[in-house]
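Chain by chain, the residues:
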Amino acid sequence: MRLRCGMRTTKCQQLVTSLCVMLLGLSIATLTTVTHYGLHFTVISNISLESNSYRVIHHAAFYFGICLSMTLILAALLSSAATVRESQCLTAMGFFCFALAFCGLIPAACWRYTHSTEVEDSMMDMYDLVYEEVRRNTSSVRRQELTAIHEAFLCCGKHSPLGDTANIEHKTCPSSQVHGAGQDCLKEIQDFLKKHMDFVSTLLGITVGFTVYGMILTSFLWFSIHFSSNLDRKGKYILRQR
């Protein structure tokens, strides 16, 4: 009786956890798509040099995010089906998907904290490179790239010790940002990335917590189904005719 009661409680928690994990998977997929195709990120990715690490990080984050979101959604679907049907096979598959997602989340979280400024530095380096090339010559391609960055981040130029930035800002900044009203682009890029990465860190932390909880519930559910099946068979005999 206690086993059945505990199993019923576990099944309710498993269904709620599966729903939350599915929502997290959809959130990660949405965030990954916005990050990959968003204007702020594509404008830097399109002008990144091969020597700059940003383009590699940009594409790697997209493929990792899509794979992670698909794994989480699959884990949620399998664990939900296993809960409803009380299937040991589906429960084991759900646990495997949760474990696979966990193995991907931990390196991602570690990379986030050990390389916290790598994305920021690579984006700011690209802005510095484009800005200095426009300042030194009148390349129309670089001027268009600098204008695109200013329009994406709604900023205008940067503080330069040389002081000869008025002409560049007049030609490349949006009209609303000219005449000293614009924000320093390096600071705008830094602030934008800080907010974005803080949101990513929060989402990763919540996902890790639900993934671990899902692993615990699926393992407990597997053992509950296993022992419940053994108890149902206990004491039953089959009479055979001789």
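Look up: the structure comes first, before these words.
This is a predicted model, so every value here is computed, not measured. (Residues numbered from 1 in each chain as written. Predicted model: local features only at pLDDT ≥ 70, side-chain atom pairs only at ≥ 80, totals over all residues. Heavy atoms only, no water.)

### Observations concerning the overall build of the chain
Worth spelling out the cut-off: By definition, any uninterrupted DSSP run of H or I lasting at least four residues is a helix, any uninterrupted run of E lasting at least two residues is a strand, and each is numbered from the N terminus. For every residue, the accessible area (1.4 Å probe, protein chains only) is compared with the maximum for its type, and the residue is labelled buried under 20%, exposed over 50%, or partly exposed between those bounds. In what follows, residue pairs with any heavy atoms lying within 4.5 Å of each other are defined as contacts.
If you tally the helices and strands in the chain, you get eight helices and zero strands. The secondary structure elements of the chain, listed N-terminal to C-terminal, are α-α-α-α-α-α-α-α. Counting the 242 residues in the chain, one finds 43% classified as buried. The long-range fraction of contacts in the chain, counting pairs at least 24 apart against all pairs at least 6 apart in sequence, stands at 76%.

### As for the state of the cysteines
What counts here: By disulfide we mean two sulfur atoms from cysteines, separated by a distance within 2.5 Å.
As enumerated under the stated definition, the model contains two disulfides in all. Shown here is the disulfide that connects Cys 156 with Cys 173, its sulfur atoms set 2.1 Å apart. Taking the torsion about the sulfur-sulfur bond, which here is approximately 95 degrees, the covalent link between Cys 156 and Cys 173 counts as right-handed. Taken together, the positions of Cys 156 in the loop between α6 (140-153) and α7 (166-172) and Cys 173 in the loop between α7 and α8 (185-233) put the pair 17 residues apart, joining distant regions of the chain. Disulfide partners in the chain, listed by the sequence order of the bonded cysteines, are 1-4, 2-3.

### So, unusual backbone geometry
The phi dihedral of Glu 86 is positive, around 55 degrees, even though this residue is not glycine. Assignment of secondary structure puts Glu 86 in the loop between α3 (54-85) and α4 (88-114). You can call Glu 86 partly exposed: its relative accessible area is 32%. With a phi close to 50 degrees, Leu 154 is a non-glycine residue in the positive phi region. Checked against the element boundaries, Leu 154 lands in the loop between α6 and α7. Looking at Leu 154, the relative accessible area reads 51%, which means it is exposed.

### A few points about the packing of aromatic side chains
To be explicit about the condition: In summary, the pairing rule links any two rings of Phe, Tyr or Trp, Trp by its six-membered ring, whose centres are within 6.5 Å, and it sorts them by plane angle into stacked for under 30 degrees, edge-to-face for over 60 and tilted for everything else.
Counted by the stated rule, this structure contains six aromatic pairs. A centroid spacing of 5.5 Å and a plane angle of 50 degrees characterise the contact between Phe 41 and Phe 192, whose relative ring orientation is tilted. Taken together, the positions of Phe 41 in helix α2 (residues 39-45) and Phe 192 in helix α8 put the pair 151 residues apart, joining distant regions of the chain. Under the relative-accessibility criterion, Phe 41 is labelled buried at 6%.

### Quick notes on α6
We count it as follows: To estimate how far a helix should reach, multiply one less than its number of residues by 1.5 Å.
Between its first and last C-alpha, α6 extends 20 Å over 14 residues, near the 20 Å set by a 1.5 Å rise per residue. For α6, the full list of buried residues reads Arg 142, Glu 145, Leu 146, Thr 147, Ile 149, His 150, Ala 152 and Phe 153. Two residues or fewer after α6 comes Leu 154, characterised by a positive phi angle close to 50 degrees.

### Some details on the nonpolar core
Our working definition: What makes a nonpolar core is a set of buried Ala, Val, Leu, Ile, Met, Phe, Trp, Tyr and Cys residues whose side-chain atoms join them at distances within 4.5 Å.
Formed by 24 residues in total, the largest nonpolar core has its most connected members in Ile 44, Met 123, Tyr 127, Leu 146, Ile 149, Phe 153 and Ile 189. Those elements giving two or more residues to this core turn out to be α2, α3, α5 (118-136), α6 and α8. In terms of residues, this core owes the most to one element, α5, which gives eight residues. If we ignore the near neighbours within four places in the chain, the residues touching Ile 189 are Met 123, Met 124, Tyr 127 and Phe 153.

It is worth stressing that arrangement in space is one thing and function is another; only the former is reported here.
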